[in-house]
Amino acid sequence: METKKLIEQIRSKKSFLCIGLDVDINKIPNHLLHETDPIFEFNKAIIDATHHLAVAYKPNIAFYEAFGIKGWEALKKTIDYINENYPELFTIADAKRGDIGNTSTMYAKAFFEDMEFDSVTIAPYMGKDSVEPFLAFKDKHTILLALTSNEGAFDFQTLQVDEKPLYQRVLETSKTYNNSENLMYVVGATKAEYLKEIRAIVPESFLLVPGVGAQGGSLEDVCKYGMTSNIGLLINSSRGIIYASNDEDFAEVAAKKAQEMQQQMAAFL
Ligand SMILES: O=c1ccn([C@@H]2O[C@H](COP(=O)(O)O)[C@@H](O)[C@H]2O)c(=O)[nH]1
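Predicted, not measured: the structure shown is a model, and the values here were computed from it.

1. Observations concerning the UniProt feature "domain: Orotidine 5'-phosphate decarboxylase" (unreviewed entry) in the protein chain
Part 1: According to UniProt, the feature "domain: Orotidine 5'-phosphate decarboxylase" (unreviewed entry) maps to residues 16-254 in the numbering used here.
Part 2: Taken end to end, residues 16-254 comprises 40% helix and 18% strand; its first and last C-alpha atoms sit 16 Å apart.

2. Brief notes about the packing of helix H5 (residues 101-114) against helix H6 (residues 128-135)
Part 1: At a closest axis distance of 8 Å, the pairing of H5 and H6 adopts a crossing angle of 30°. The orientation of H5 with respect to H6, classified from their angle, is roughly parallel. Judged by the sense of rotation from one axis to the other, the crossing of H5 with H6 is right-handed. Here Gly101, Ser104, Thr105, Tyr107, Ala108 and Phe112 of H5 lie close against H6, whose contacting residues are Asp129, Ser130, Pro133 and Phe134.
Part 2: Partitioning the contact of H5 with H6 into residue classes produces five nonpolar, four polar and one charged.

3. A few points about the site of the ligand
Part 1: What surrounds the ligand is a group of 14 residues, the closest being Asp22, Ser149, Gln215, Ser238 and Arg239.
Part 2: Residue Ser149 places a side-chain N or O atom 2.6 Å away from a nitrogen atom belonging to the ligand.
Part 3: Within the complex, the protein chains bury 87% of what would otherwise be the 460 Å² of accessible surface of the ligand.
Part 4: Counting only elements with at least two residues in the shell around the ligand, the list comes to strand S3 (90-97) and strand S10 (233-237).
Part 5: Tallied by class, the residues present in the shell around the ligand amount to two nonpolar, seven polar and five charged.

4. A closer look at the confidence of the model for the protein chain
Part 1: A residue-level look at the protein chain finds 100% of positions with pLDDT of 70 or above and a mean pLDDT of 97.
Part 2: The ipTM, which scores confidence in the relative placement of chains, is 0.99 for this predicted complex, and the corresponding pTM is 0.98.

5. Section: unusual backbone geometry
Part 1: Phi is positive for Lys14, close to 50°, though the residue is something other than glycine.
Part 2: When you line up the elements, Lys14 lands in the loop between helix H1 (3-13) and strand S1 (17-20).
Part 3: What makes Lys14 partly exposed here is its relative accessible area of 46%.
Part 4: Positive phi is not limited to glycine here, since Asp162 has a value of about 50°.

6. Here we look at the nonpolar core
Part 1: In terms of nonpolar packing, the biggest core is built from 90 residues, with Leu6, Ile19, Leu21, Phe42, Ile198, Leu234 and Ile235 touching the most fellow members.
Part 2: Sort the elements by how many residues they give to this core and helix H12 (residues 250-266) lands first, with seven residues.
Part 3: Excluding its chain neighbours within four sequence positions, the residues that come into contact with Leu6 are Met1, Val55, Phe90, Met184, Phe206 and Leu234.

7. Let's talk about the UniProt feature "active site" (unreviewed entry) in the protein chain
Part 1: As annotated by UniProt and renumbered to match this structure, "active site" (unreviewed entry) occupies Lys96.
Part 2: Mapped onto the elements, Lys96 comes out in strand S3.
Part 3: Lys96 has contacts with Asn60, Thr121, Ile122, Ala123 and Leu145, leaving out every residue within four places of it along the chain.
Part 4: For Lys96, the side chain forms a polar contact with the side chain of Asp94, separated by 2.8 Å.

8. Quick word on the packing of aromatic side chains
Part 1: Inspection of every chain in the model, using the stated rule, returns seven aromatic pairs.
Part 2: When the ring of Phe40 is compared with that of Tyr81, the centres are 5.9 Å apart and the planes differ by 80°; the resulting orientation is edge-to-face. Linking Phe40 in helix H2 (residues 38-50) with Tyr81 in helix H4 (residues 68-85), this pair joins segments that are 41 residues apart in sequence. The residues Phe40 and Tyr81 share a single accessibility class, namely buried.

What counts and what doesn't
Residues numbered from 1 in each chain as written. Predicted model: local features only at pLDDT ≥ 70, side-chain atom pairs only at ≥ 80, totals over all residues. Heavy atoms only, no water. UniProt positions renumbered as here; feature names shortened; annotations may be inferred. Helix = DSSP H or I, 4+ residues; strand = E, 2+ residues; numbered from the N terminus. Axes fitted to C-alpha atoms, helices over the stretch in contact; angles between N-to-C directions. Parallel < 35°, antiparallel > 145°, perpendicular 65-115°, else oblique. Left-handed = near helix turned anticlockwise from the far one by under 90°. Contact = heavy atoms within 4.5 Å. Nonpolar A, V, L, I, M, F, W, Y, C, P; charged D, E, K, R; others polar. Near = heavy atom within 4 Å. Polar contact = N/O pair within 3.5 Å; in protein donor to acceptor, adjacent residues only side chain to side chain. Areas by Shrake-Rupley, 256 points an atom, 1.4 Å probe, with all protein chains shown as cover. pLDDT = per-residue confidence, 0-100. Buried < 20%, exposed > 50% of the residue type's maximum accessible area, 1.4 Å probe, protein only. Core = buried A, V, L, I, M, F, W, Y, C linked by side-chain atoms within 4.5 Å. Phe/Tyr/Trp six-rings, centres within 6.5 Å; stacked < 30°, edge-to-face > 60°.

In structure tokens form, the structure reads like this:
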């Protein structure tokens, strides 16, 4: 998807909400467990109930890989369902991949060509030749981990490298990669106080921001310090929306939670 289509969607829905589809079979309502594919049925119900309030969906691949072939089938069916029924939605494979060049090309083919995602999250640690194979795909987006939401982010990402924190080096160096216009970055909502420095380096890039709700990040602070003239933000919530109820009304309650977030976002647009 072209970035301008994503921006148009954000403006028309007055939302930059990304819903995380981190589906754990142990947390989904009992009545779905009788279905042939409970994970897909759960996702379908959440998507149908929330698609008008969100602009993006982010399945975290770990939750599907954990279920082997059935998990991959549920993931593929979910993405096909979105692409066929709601083609305006932006899809993110939260896979955190990256390897030597020829292997990265295979990861890129898997997520962009076979699974038909619009974007994939990538770890920058292996550098240029591990990231550029993803960037080579036109109208697909590579979302590089910059400053993550977890406590362990301080182990490496904020360490000084040639007098600058490593996450700033990641941002600066990635801008020199071929097709860097296809880059977006992950910045945790729990790190909102770093957004000013981040925007000084990547003033217009889209940021995927996880960590609101369960992890304690503030949507308001992210909007205050991270928003650009083209919005430039996709704020993710996974557990806070999809597990707001584990009863038969789960999709309806998820929609209420999504609407609360959408309304908070609309106030900034
Ligand atoms: O820095 C990061 C990068 C990725 N994530 C992922 O986002 C969601 C957050 O889920 P919540 O339930 O809304 O906390 C999850 O898939 C993480 O693996 C992140 O949290 N932080």
